[in-house]
Amino acid sequence: MKSRGPARRAAAVLSCALALLGLSACKGKPDSTQVAEGSASAAAAEQAPSGHGPKVVPGPGFNPECFAPWKKDTKYLQWKARTPPFRIALVNGYVGNAWRIQMVKTAKAFAKDPAIAPLIKEFKVVSTGTDVAAQLGAIEDFINQGFDGIVTLAVSPDGFDRVIRLADKKDVVLVPFDNVLDTDKVMQVNEDQLAMGRQWGEFLDKQLGGKGKVLEVRGLQGNSVDRDRHDGFRQVMEAPGKSYTIVEVVGSWDDGKAQKAVADALAVHRQFDALFAQGGSTGAVRALLDAGHKPIPVATEAENGVRKLIAKHHEQGMKGLSLGQSPGLAAIAMKAALEGLQGKVLPQMISVPIPAADHTTLKDGENFFSQLSDNFFTPNEFPPCGVNISGVKIMNESESDVK
């Protein structure tokens, strides 16, 4: 009987080999030794040493003046401490408007700051467009290349679970900012977009007294910033007791697109009582002026151009609130990644204050700049975070990828 054992195993091997060639079926039970070895290998692979991602730890966190928690119950994260310098990447999505261009330039300038440069061994920038798969692929590629930290403007608020797991496995600090994700599994940096939308709504509601026809110019469709700003604005304007008619158009946070969208709306509706433009604000307000529209309250972003227009036309009756989503968020996200890599305790959701100015507080040289271009975004400096990049340095950078 013992002499037949090797023959049987040989026949089984031959049968399986033929099956692989499509010539036979391999239905026999595997050798018990092979089962044990295979199970052991699988278990070893699952338990192989790897990163674990951040640990949830008690607060308070490091430098709370810069890295403020979003809410009182925001959890705190800590990665294992490593020694700089680090390899850092910025994975941007859409790059087709002034804010995104300035954001990329700000990140490049920040990487060269004398206080930051010694912490960075290599810095790469890539913009992948509006395709989620392309952005996920770029993030995964940087992780597999061994980059230590990746900051990103997410194309979509969801769909990132796979790269988050991969980042945790490799102990990569992944930091979405601006367009953040609908998850608490990564550290994120943003201004409160819902609160920003409410502030714009409250300003216009105060000017209009609860009724009127309002033109809303939305941003780039499909991401969390546009959604949250819109929702916050509508919470105010559609509250009980309000009777607003709201006409909605899409400007994609781009001056040219917003200007055309407003011009087209004016051609149909003729008159509005107020304007709310998430971005592309200079173009949106310029369309009103070009059409000879009466001065109306405007709620805008913080482009230099629109602040110049509000300041210039305030005496003719234009009132405006300009809130800033700073391109400097890129620098704060980079700083958060660098501190996280060094083992600092940080909030999972970092809240950045909303810079604001209105028609009564605008001052040339302080919160707008007559000597700078219209598409320069005015809020860029965050002294508590050590982010003090001059407009000249930012504008001298290019918006191209760094490969």
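For the structure, see preceding data.
Residues numbered from 1 in each chain as written. Predicted model: local features only at pLDDT ≥ 70, side-chain atom pairs only at ≥ 80, totals over all residues. Heavy atoms only, no water.

Strand S9 (residues 211-218) sits mainly inside the fold: six of its eight residues count as buried. Relative to strand S10 (residues 243-250), S9 is paired through eight bridges, and the arrangement is parallel. Bridge assignment links Gly212 to a residue of S10, and that residue is Tyr244. Taking the sense of rotation as the criterion, the β-α-β connection linking S9, helix H7 (residues 224-237) and S10 turns out right-handed. Here four bridges tie S9 to strand S11 (residues 274-277), and the two strands are oriented parallel to one another. Counted as the bridge partner of Leu215 is Leu275 from S11. (Buried < 20%, exposed > 50% of the residue type's maximum accessible area, 1.4 Å probe, protein only. Helix = DSSP H or I, 4+ residues; strand = E, 2+ residues; numbered from the N terminus. Pairing = 2+ DSSP bridges. Right-handed = clockwise from strand over helix to strand, strands pointing away.)

Read from one edge of the open sheet, six strands run S10-S9-S11-S12-S13-S16, paired in mixed fashion. The strands lining the two open edges of the sheet, one partner per strand, are S10 and strand S16 (356-358). Each adjacent strand pair in this sheet contributes to an overall mean axis angle of 15 degrees, direction not counted. Along the sheet, helix H6 (residues 193-208) contacts S9, S10, S11, strand S12 (298-300) and strand S13 (320-323); its crossing angle with S13, the most-contacted strand, is approximately 175 degrees. Relative to S11, helix H9 (residues 281-290) is tilted by about 160 degrees, and along the sheet it contacts S11 and S12. (Axes fitted to C-alpha atoms, helices over the stretch in contact; angles between N-to-C directions. Contact = heavy atoms within 4.5 Å.)

Bringing the pattern of salt bridges into the picture now. Considering all chains together, one arrives at 22 salt bridges under this definition. Close ionic contact of Lys80 with Asp171 constitutes a salt bridge, the shortest N to O distance being 3.4 Å. Here the residue Lys80 occupies a position in the loop between strand S3 (76-78) and strand S4 (86-92), and Asp171 occupies one in the loop between helix H5 (161-169) and strand S7 (173-176), the gap between them amounting to 91 residues. Judged by its relative accessible area of 3%, Asp171 falls in the buried class. Here Asp374 ties to Lys308 by a salt bridge, and the two come within 2.9 Å at their closest N and O atoms. Note that Asp374 is positioned in the loop between S16 and helix H12 (391-395) and Lys308 in helix H10 (residues 304-313), a separation of 66 residues in sequence. When salt bridges with common partners are traced through the structure, they connect Glu216, Arg218, Asp226, Arg234, Glu238 and Glu248 into a single cluster. (Salt bridge = Lys/Arg side-chain N within 4 Å of Asp/Glu carboxyl O.)

Before going further, it helps to spend a moment on the state of the cysteines. Going through the model one piece at a time under the given rule, you end up with one disulfide. The disulfide bridge from Cys66 ends at Cys385, spanning 2.0 Å between sulfur atoms. Disulfide Cys66-Cys385: the torsion about the S-S bond is 105 degrees, which places it as right-handed. Pair noted here: Cys66 is in the loop between strand S1 (55-57) and strand S2 (68-69) and Cys385 is in the loop between S16 and H12, with a separation of 319 residues, a long-range link. Exposure remark for Cys385: the relative accessible area of 5% places this residue in the buried category. (Disulfide = S-S within 2.5 Å.)

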